[in-house]
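Working through the structure, step by step
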Amino acid sequence: MEKSDRKRLSKINICLDPPWIFDEISDEKLYLAYTQRQREGAVVRWISLGFLLQLFVIFVPGESDLKFAYSSVVIFTLLNISLSIVYAVVRKARPLLNHTAWLVIWIELLVSASRRVGDSYNELLGWAIVLQYFTLTTLPFHHLLLIAYSMITFTAYLLVQYYNAKVWNFSVEDLSIQQVANGCLLLGATLLGGTAYVINERKQRLSFKETKRSLGDKLTIEQQSKEQERLLLSVLPEHVAVKMRADLGCIDTQFKKIYMSRHENVSILYADIVGFTAISSSYSAQDLVAILNELFARFDRLAEKYQQLRIKILGDCYYCISGAPVERPDHAVLCVHMGLSMVKAIKYVQRITNSPVDMRVGIHTGAVLAGVLGQRQWQFDVYSRDVELANKMESSGMAGRVHVSEVTLSFLKDEFEVEPAHGERREEMLRQAGIKTYFIVRYKGSDEKCIEGEAGGGDWPDVLSDLKDDDEDSVLSPQDETKVSEEIKIHTMLQEELVNRDDDRELADGTTICLTFKEDEVERGYAQRGNSYPQAIGAPPMIILPALTPIITFAVPSTWTFHAFYIALVLEAFALNILYLIIFRCAQYKNKKIPAIWKLMCGLFNVAVFLTLNVIPLVLCGVIETDSEDDQFNESYGANQRCLHTSYYYHMGVGIACSVLWLRPLREGYRVLLLLGVAVAHALPAVFYPALLARYRLPYDPFVTANTTANTTALDVPEMLELMSKFHAGRHIIMLFIIVAGLIIYHRYSESLERARYSRGVRMRVQAEQAHELRRRNEALVHNVLPPHVATHFMGGRHHHRDLYSQSYAEVGVLFASMPNFTEFYSEETVNNQGLECLRFLNEVISDFDLLLEESKFKDIIKIKTISSTYMAASGLNPARQMQPSDGVLVRWAHLACLVEFALELQRVLAAINEQSFNHFVLRMGVNHGPITAGVIGARKPHYDIWGNTVNVASRMESTGKAGCIQMGKAREIFKVTEETCEILQKFGYYFEQRGLVAVKGKGQLMTYYLQGKRDEPVNHSDCTTAIVEETEPTDPRCALLANGDAPPPSVQTIDEADVQRPLLP
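In short, a report on the structure. (Residues numbered from 1 in each chain as written. Predicted model: local features only at pLDDT ≥ 70, side-chain atom pairs only at ≥ 80, totals over all residues. Heavy atoms only, no water.)

1. Quick look at the overall build of the protein chain
Within the protein chain one finds 38 helices and 18 strands. With 1066 residues in all, the protein chain has 54% of them scored as buried. Taken as a whole, the protein chain presents about 47400 Å² of accessible surface, with 57% of it coming from carbon and sulfur. (Helix = DSSP H or I, 4+ residues; strand = E, 2+ residues; numbered from the N terminus. Buried < 20%, exposed > 50% of the residue type's maximum accessible area, 1.4 Å probe, protein only. Areas by Shrake-Rupley, 256 points an atom, 1.4 Å probe, with all protein chains shown as cover.)

What follows is the structure, encoded as structure tokens:
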């Protein structure tokens, strides 16, 4: 039973609801509230129209009982004033006032029409036409209620005219045809108003949908911008990020922008996981990334608690600072607390891995230069000799202990108990700097001893409470809610934008008194805006012209000439509008726009046809009445020779005035002139032919009658009666001018609604553009923090921080390139602005390196990071790259050859910089290939990096390599590769020099080679020595020995693990 009832209700709803109704009930309710709110101003226009009608009744009472006529004016005036007061005071009553104002003015019109005397049964028909049109175009009611209201007023007016015929009992033989004419004109006004209602409703709903879509896009963009902002501010300090965002798109100057500032009295903490290499062989790369991510996330939470700024993660090394960029006096104390808590936090890894891993922490206090270098893959970093000393404090420390320098100790304010550490005996750099070192024993605020793995710094529950696994404010987990909550947000924003916003006040602030926008650009955009329904210009002639058909048959003398002229004009108007519609459809099919002037010209032609069809009969009747003036009521003038009902043409003029409102585009001032022109055009025939109005007197004038007592209640002043008689004769012309005033008021109201919609659209577009610009800038910054495909992964979907990003790659090339002699160049003398100018030069070098990555041939290369003067890049890190098993070496390792070419370009760029700056910097480079794991670690401060033996070996290739010598004014740099990499690159035409065996921890003895150059054509040899043997004229003595087959014995070099991934500034 319930299902059948639902089906029945759905069928009823289909019949009752218009086809344009929204699918979502919430949208429909909000739209109705918006429409109700927007059209509250219609009440004021109805009240204004009521005052105008009362003004007309004052001038033309239409009856001899003036006491009744003016009493009704007073009553209805008081009613309108009361409605105005209620509208201004009681806001909640405004929806009801629409019904009340409509009812009051129609009652006033019907009461006045029922007491008027005229030559035809059409008194106040023009007012009925305009009210019928206004009913459908202004009232914010349901379409069925509007139809009901229109049918009621339509029927009521015809019944009033039938009542007049019965009461006055004039011998009017053509009452039926007059009622048909009345009905046709009212029906035309109803259809024209209904058409305007449908068009306005669709435009309004389209505007509502566009506003909702714009707000949805804006919300999405804002959410994405917030995610990007959070991600950006997690990596870069806010003051740096703000400067970078502001500088995006600025014209490049001679020197690259450097974001660097110096800070004094900063404590620097370095922490390294001791024994992590030992457990790396027991876990997969993804598991290691997960362990590091969880551990470093705990460190990040500790850093937030102790006001530390995490700088960077270097493999399994974590370092941070305290006291910058915001200075604070307790920076050293907080830094020690951070170190002690980190020693406790390593218990997590011990428990998970069941291995004796531990933390080695070193802290030093001094001055730092903090900022960002380069143009890509920005990472906030610190530079100075004190930073390097802090690094040495860590490397010379002991597992499970916090190692501090005497400088740091001087800032601890005797809050910690310490013991001598003698780190200067284990580290030469500390000895040369004359720094004594100490181990933290315990925090004096607690009795707990800080030894070994039980270093103090707080009770266990306090530390563990900071190390909860839940990290809901991870920058990698979007903070916004589900799709349902997004819809609620959009709905709330829509209500704020559409219902709660005062459009009238905003429009008044943004427009002049003539409703033109104060900003010329906005006004031009409004004038040139696209029209949703350009074919609507044909509605007035298609709807109103047929209403003239019954009028033309009886209102003027029936002549074939006039009828032929009438038919010709009607056909011409229809033909023009049909042609316009055909052109519009063709342009729409070809996706082109019709010039707005075409539509305006078509509309003006329609108005001209209307005026011609209306004014020419009036002129014709004026001629006839003038000729018959000598014998005005002579029976010899039959009905077919007299103009019996010319008043219909004045009522038709109201329809013409309504059609003027459809002209687009037309400025407000021109429209007012055109409306006045319509009224003047109908008044001119009476000016030139006064007899046209004289025929409206006896016996239809209530003020001048020979044999009746109807005027007994009139004023007994002959002059007043004569004046009222003249007003009564020209009542239709007066009606036209007053109605034109009402149409001007109405059009100002509808124009304000249209301009408010346009203004809102402009505001939405501006906000969307601002949001897009913010997202673009944030996106550009984020893509300089994370590689684009990684940033897209996190920004493009909803991820929890536990959904780690890790990707395994089987075939990747890794490049390390450093300037070993930059340490000699760097100094913190006053002439170098405490080292800032040295870093400015390094920024120029790294920025020029970064610019190479913008070239299309290096699109497969990604910058990983910079470590002081060391530049790290990789190739083949493209998840979308799909290789087939059948692909050969030249296809699979093309990116590796590109990486080598990139390395050679780095040499050329540095040589050019050397030439311009009169320096002699050289590059030391190492290349390796193989499998790696890429991932993001750190939930609060995400850091993208790559791990694996491939990376370690590439780093060893750089650190154990050598720089070339200066030849012919140019530096010749050499970089080193392993034997397997050599074999691959040989196939791309590169040739090498054998360097010898190098002992690499975890890999054993590796044969390494120096890249010498590239042949014009690729060769395909099985080993590197063959490629070198084919050198025809070796210039190096070692190459000569190789050519003779007597290669020197390979040298063996052991690589220390501590030489990798450390800041390089001494």
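2. Some details on the packing of aromatic side chains
This model, assessed by the stated rule, comprises 23 aromatic pairs. Ring centres of Phe141 and Tyr149 lie 5.9 Å apart, and the angle between their planes is 90°; on these two criteria the pair is classed as edge-to-face. Each of the two residues, Phe141 as well as Tyr149, counts as buried. With 5.2 Å between their ring centres and 45° between their planes, Phe416 and Tyr443 make a pair best called tilted. Taken together, the residues span a long stretch of sequence, with Phe416 in strand β7 (residues 416–420) and Tyr443 in strand β8 (residues 437–443) at a distance of 27 residues. Residue class for Phe416 comes out buried when judged on its relative accessible area of 3%. Ring pairing ties together the aromatic residues Phe822, Phe825, Tyr826, Phe841 and Phe921, which thus form one cluster. Above the plane of the ring of Tyr87 lies Arg94, whose end atom (NZ or CZ) is 4.0 Å from the centre. The ring of Phe68 carries Arg115 above its face, with NZ or CZ at 3.8 Å from the centroid. (Phe/Tyr/Trp six-rings, centres within 6.5 Å; stacked < 30°, edge-to-face > 60°. Lys NZ or Arg CZ within 6 Å of the ring centre and 35° of its normal.)

3. Considering the side chain of Asn98
Position of Asn98 among the secondary structure elements: in helix α5 (residues 94–113). Here Asn98 falls in the buried class, since its relative accessible area comes to 0%.

4. Side note on the environment of Ser355
For Ser355, the location among the structural elements is in the loop between α13 (347–353) and β4 (358–372). Its relative accessible area of 15% is what places Ser355 among the buried residues. With 76 residues separating them along the chain, Ser355 and Ile279 place their C-alpha atoms 7.3 Å apart.

5. Structural notes on the packing of helix α34 (residues 894–917) against helix α36 (residues 979–986)
Packing of α34 against α36 brings their axes to within 10 Å, and their N-to-C directions diverge by 95°. In terms of axis orientation, α34 runs roughly perpendicular to α36. From α34, Leu896, Ala897 and Val900 reach across to α36, where they touch Thr981, Ile984 and Leu985. (Axes fitted to C-alpha atoms, helices over the stretch in contact; angles between N-to-C directions. Parallel < 35°, antiparallel > 145°, perpendicular 65-115°, else oblique. Contact = heavy atoms within 4.5 Å.)

6. Here we look at helix α32 (residues 836–852)
Given a rise of 1.5 Å per residue, 17 residues ought to cover 24 Å, and the 25 Å separating the end C-alpha atoms of α32 matches this to within 8%. Burial analysis of α32 places 14 of its 17 residues in the buried class, which makes it a mostly covered element. (Expected span 1.5 Å × (residues − 1).)

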